[in-house]
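Residues per chain are reported as follows:
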Amino acid sequence: MSDSLRELWLRGIAFNEAAPADVLIRLLDETAGEAGVLMCEGRDLPDAVIDAALRHPVEGIRRALARNLRVDPARLAPLASDPSGLVRAYLAGGTRTLFEPRWVRPLPDDILVTFLTAQEGGEDGRVSERDIVGELWSSRQVPRSFPRDMAGHDHPALRLYAAFQWQSLTAAQRDVLLDDPDPAVREAARQGSRQLDPEVVEADLPPIGSRHGWFVLSTCALSPAVVERCFADDVVLPLAHNRHTPADALARLARHPDTEIRRLVATRPDLGPAAVAELRHDPDQDVRMRARLQPCICTWAECEAVQSVVDHGPDCTCPITVPPDQPSPDWYATCAASEDPVLRRVAASWPGLPAELVGTLALDDDEEVRIRLACHHPLAPPHILLDVFVTRPAHRPHLLTLPSFPRTGRTHLIGHPDPEVRALAAADPALPEPPLEDPDDAVRRAAAANSALTPQTLETLLTDLRTAEGAAANPSLPVPRMHALLDHCLNGAATPPTAARR
């Protein structure tokens, strides 16, 4: 047995969907090398394997498990207080793979609370609790509603965190935090309340051209004098983003010579009707489109939902997160029935759209409606997911992670010029003859993993470097054969594999 075959068998078994827990647990042995790490990070795992990985003595196994987005994050809670700070940091940072799923996994509250109240970064001392929290903030795994959820928490560190997110809180929550029994929380609340006092903001205004100045101008309540200074210095982009920008300033921004500024204000729910009417005749087509949509936008949640569509094209692969506030189901239903394709795209992007409306949008003439439905909605018909896979390569990694992606009905694609599409077809068990001699490596590997192949055929494929990994990943491979291969790979058993004896 060559080292190359050994690595291929181990990697194939690691991702064999039919491999039972006792087989997969054997791959956690250090002698399995990279295969066990790849398995812990890259596939769904039975509970017994998760339990074994959680208490595994090798840190690399636990680190890999911490980044597994296919495992229920609630099962990973022990890793938030792992002795290794790097394991904690991996869990806080989320996945870092090249083709990560677009749906961002929110961590459960108990894990977030553990991270945010930790007094140290692990027994090994390689990272600090601040480093771990920094990983957490950059990972997008903290739900945007989390500050509101923590505003009344018993632990002052969580209330302090909520106070730092002042503008995401309700007025009632702000009032309570201003009278908090903890002095640090009260001070943070007092500092937060200054963001909504235009005179205080003006008195403490940092240099307009600085990064902090941009943040203040784009988020805080501004006095007329500060607004005038922004126009005088031609630093108006932050004003277009700021929800507190006064109406007269918005009207001026709607006439700004910079097209990007006009685009940004065109969908704001607080834009006056006169400015909207002007923008509907704007020389820029995109500005006109946005202004056309504005009468349908009455809340900031609706504005955010529309902007998430109009600011991105059909091949957008940005992470998909849950906003803190959602438009009403009735608003989405109105969008789904709209004659405007952009509003139908907005509706197709909402995972909660009822099944009957999903069925209607699946037949939509607008391609981007169908693309958004395939990428965002759990009830999107499988044929839509397959169509988007074939026509839009940018979405393929994401689509393959979706539970509803079709595993059959792909045989008609076996002659497709794109090898990624042929590989998809090659795995269809309804295919009469999987293309084991295809010139592309990925297609041959997928063909060798086709569950329609017999165990006898797999024995031959297991000894061929071109097909060994796919054959080891084949769900038709008998479990005793999996164990036999692992015996040779991990224990150096003297008896050669069956195929090698022939």
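Residues numbered from 1 in each chain as written. Predicted model: local features only at pLDDT ≥ 70, side-chain atom pairs only at ≥ 80, totals over all residues. Heavy atoms only, no water.

### Observations regarding the overall build of the protein
Part 1: On a plain count of helices and strands, the protein comes out with 33 helices and 0 strands.
Part 2: With respect to the principal axes defined by its C-alpha atoms, the protein has extents near 90 × 55 × 40 Å.
Part 3: The buried share of the protein, reckoned over its 502 residues, is 47%.
Part 4: Residue pairs in contact within the protein that sit at least 24 positions apart in sequence constitute 51% of those at least 6 positions apart.
Part 5: About 23,300 Å² of surface is accessible on the protein, with carbon and sulfur atoms providing 54% of the total.
Part 6: The protein carries 51 positive and 72 negative side-chain charges, and their two centres are separated by 2 Å. (Helix = DSSP H or I, 4+ residues; strand = E, 2+ residues; numbered from the N terminus. Buried < 20%, exposed > 50% of the residue type's maximum accessible area, 1.4 Å probe, protein only. Contact = heavy atoms within 4.5 Å. Areas by Shrake-Rupley, 256 points an atom, 1.4 Å probe, with all protein chains shown as cover. Lys, Arg positive; Asp, Glu negative; His and termini not counted. Charge placed at Lys NZ, Arg CZ, Asp CG, Glu CD.)

### Here we look at unusual backbone geometry
Part 1: Phi at Arg-140 is positive, roughly 65°, even though this residue is not glycine.
Part 2: Despite not being glycine, Asp-234 shows a phi value in the positive range, around 55°.

### Quick notes on the side chain of Arg-262
Part 1: Secondary-structure assignment places Arg-262 in helix H18 (residues 259-266).
Part 2: With relative accessibility at 7%, the residue Arg-262 sits in the buried group.
Part 3: Among all residues touching Arg-262, those that are not within four sequence positions of it are Leu-253, Ala-254, Arg-255, His-256, Pro-257, Leu-279, Asp-282, Pro-283, Asp-284 and Val-287.

### Examining the packing of aromatic side chains
Part 1: Overall, the coordinates contain 5 aromatic pairs when judged by the stated rule.
Part 2: When the centroid spacing of 5.2 Å and the interplanar angle of 70° are considered together, the rings of Trp-331 and Tyr-332 count as edge-to-face. Neither residue differs from the other here; Trp-331 and Tyr-332 are each classed as buried.
Part 3: Taken together, the ring pairs in this structure connect Trp-137, Phe-146 and Tyr-161 into an aromatic cluster.
Part 4: Note that Arg-63 overlies the ring of Tyr-90, its terminal NZ or CZ placed 5.2 Å from the centroid.
Part 5: In this arrangement the basic side chain of Arg-67 is found over the ring face of Tyr-90, its NZ or CZ atom lying 3.8 Å from the centre. (Phe/Tyr/Trp six-rings, centres within 6.5 Å; stacked < 30°, edge-to-face > 60°. Lys NZ or Arg CZ within 6 Å of the ring centre and 35° of its normal.)

### Here's the deal with the packing of helix H23 (residues 341-348) against helix H25 (residues 367-376)
Part 1: For the pair H23 and H25, interaxial distance at closest approach is 8 Å and the crossing angle is 10°. The angle between H23 and H25 places the two elements in the roughly parallel class. Every residue of H25 that contacts H23 at Pro-341, Arg-344, Arg-345 and Ala-348 is listed here: Glu-368, Val-369, Arg-372, Leu-373 and His-376.
Part 2: Class assignment of the residues belonging to the contact of H23 with H25 gives a composition of 4 nonpolar, 1 polar and 4 charged. (Axes fitted to C-alpha atoms, helices over the stretch in contact; angles between N-to-C directions. Parallel < 35°, antiparallel > 145°, perpendicular 65-115°, else oblique. Nonpolar A, V, L, I, M, F, W, Y, C, P; charged D, E, K, R; others polar.)

### Some remarks on the pattern of salt bridges
Proximity of charged atoms lets side chains of opposite charge pair with each other.
Part 1: As enumerated under the stated definition, the model contains 39 salt bridges in all.
Part 2: Linking Arg-194 and Asp-204 is a salt bridge whose minimum nitrogen-to-oxygen distance equals 2.3 Å. With Arg-194 in the loop between helix H12 (183-193) and helix H13 (198-203) and Asp-204 in the loop between H13 and helix H14 (211-219), this pair connects stretches of sequence that are 10 residues apart.
Part 3: For Arg-194, a relative accessible area of 28% translates into the label partly exposed.
Part 4: Residue classification places Asp-204 among the partly exposed positions, given a relative accessible area of 46%.
Part 5: Residue Arg-372 is joined to Glu-368 by a salt bridge in which the shortest nitrogen-to-oxygen separation is 3.8 Å. Here Arg-372 and its partner Glu-368 are both found in helix H25, 4 residues apart, which amounts to about one turn of the helix.
Part 6: Assessed through its relative accessible area of 7%, Arg-372 is described here as buried. (Salt bridge = Lys/Arg side-chain N within 4 Å of Asp/Glu carboxyl O.)

### What about the state of the cysteines?
A covalent bond between the sulfur atoms of two cysteines is referred to as a disulfide.
Part 1: Enumeration according to the criterion identifies 0 disulfides in this entry.
Part 2: No disulfide involves Cys-230; its sulfur sits 12 Å from the nearest other cysteine sulfur, which is in Cys-220.
Part 3: Given the relative accessible area of 0%, Cys-230 is considered buried.
Part 4: Between Cys-316, a free cysteine, and Cys-318, which holds the nearest cysteine sulfur, the sulfur-to-sulfur gap is 3.4 Å. (Disulfide = S-S within 2.5 Å.)

### Some points on helix H5 (residues 59-66)
Part 1: When you tally the buried positions in H5, you get 7 out of 8 residues, the bulk of the element.
Part 2: All buried positions along H5 are accounted for by Glu-59, Gly-60, Ile-61, Arg-62, Ala-64, Leu-65 and Ala-66.
Part 3: Residues of H5 that are buried sit in contact with helix H3 (34-42), helix H4 (47-54) and helix H6 (85-93).

### Details of the nonpolar core
Part 1: Grouped together as the largest cluster of nonpolar side chains are 68 residues, with contacts concentrated most on Leu-27, Met-39, Leu-65, Leu-91 and Phe-115.
Part 2: Sorting elements by how many residues they give to this core places helix H1 (residues 3-14) first, with 6 residues.
Part 3: In terms of nonpolar packing, the next biggest core, distinct from the first, is built from 41 residues, Val-346, Trp-350, Val-369 and Leu-385 among them. (Core = buried A, V, L, I, M, F, W, Y, C linked by side-chain atoms within 4.5 Å.)

### Focus: the environment of Arg-268
Part 1: Mapped onto the secondary structure, Arg-268 falls in the loop between H18 and helix H19 (273-279).
Part 2: The exposure class of Arg-268 is buried, given its relative accessible area of 2%.
Part 3: Sequence separation between Arg-268 and Ala-291 is 23 residues; the distance between their C-alpha atoms is 9.2 Å.
Part 4: Ignoring anything within four residues of it in the chain, the contact list for Arg-268 reads Leu-239, Ala-240, His-241, Asn-242, Arg-243, Thr-245, Leu-250, Gln-294, Trp-300 and Cys-303.

### Here we look at the packing of helix H21 (residues 300-310) against H23
Part 1: The contact between H21 and H23 brings their axes to 9 Å, and the two run at 105°. When the axis of H21 is compared with that of H23, the two are roughly perpendicular. Each of Ala-305, Val-306, Val-309 and Val-310 in H21 lies in contact with H23, whose residues at this interface are Val-342, Arg-345 and Val-346.

### Focus on the environment of Pro-327
Part 1: Position of Pro-327 among the secondary structure elements: in the loop between H21 and helix H22 (329-336).
Part 2: As for Pro-327 and Trp-300, which are separated by 27 residues in sequence, their C-alpha atoms are 8.7 Å apart.
Part 3: In this view, Pro-327 contacts Ala-301, Glu-302, Ala-305 and Tyr-332; residues no more than four positions away in its chain are not counted.

### What to know about the side chain of Asp-180
Part 1: Mapped onto the secondary structure, Asp-180 falls in the loop between helix H11 (171-178) and H12.
Part 2: For Asp-180, a relative accessible area of 4% translates into the label buried.
Part 3: Leave out the neighbours within four places in its chain, and Asp-180 touches Arg-159, Val-185 and Arg-186.

### Quick look at H6
Note on helix geometry: an α-helix contains 3.6 residues per turn, so any two residues three or four positions apart are oriented the same way.
Part 1: Burial of H6 is extensive: 7 of the 9 residues sit out of reach of the surface.
Part 2: For H6, the full list of buried residues reads Gly-85, Val-87, Arg-88, Ala-89, Leu-91, Ala-92 and Gly-93.
Part 3: Of the surrounding elements, those touching the buried residues of H6 are H5, helix H7 (109-117) and helix H8 (129-139).
Part 4: Two or three places before Leu-86, at the opening of H6, Ser-84 has a side-chain oxygen 3.2 Å from that residue's backbone nitrogen.
Part 5: Two residues or fewer after H6 comes Gly-94, characterised by a positive phi angle close to 75°. (Polar contact = N/O pair within 3.5 Å; in protein donor to acceptor, adjacent residues only side chain to side chain.)

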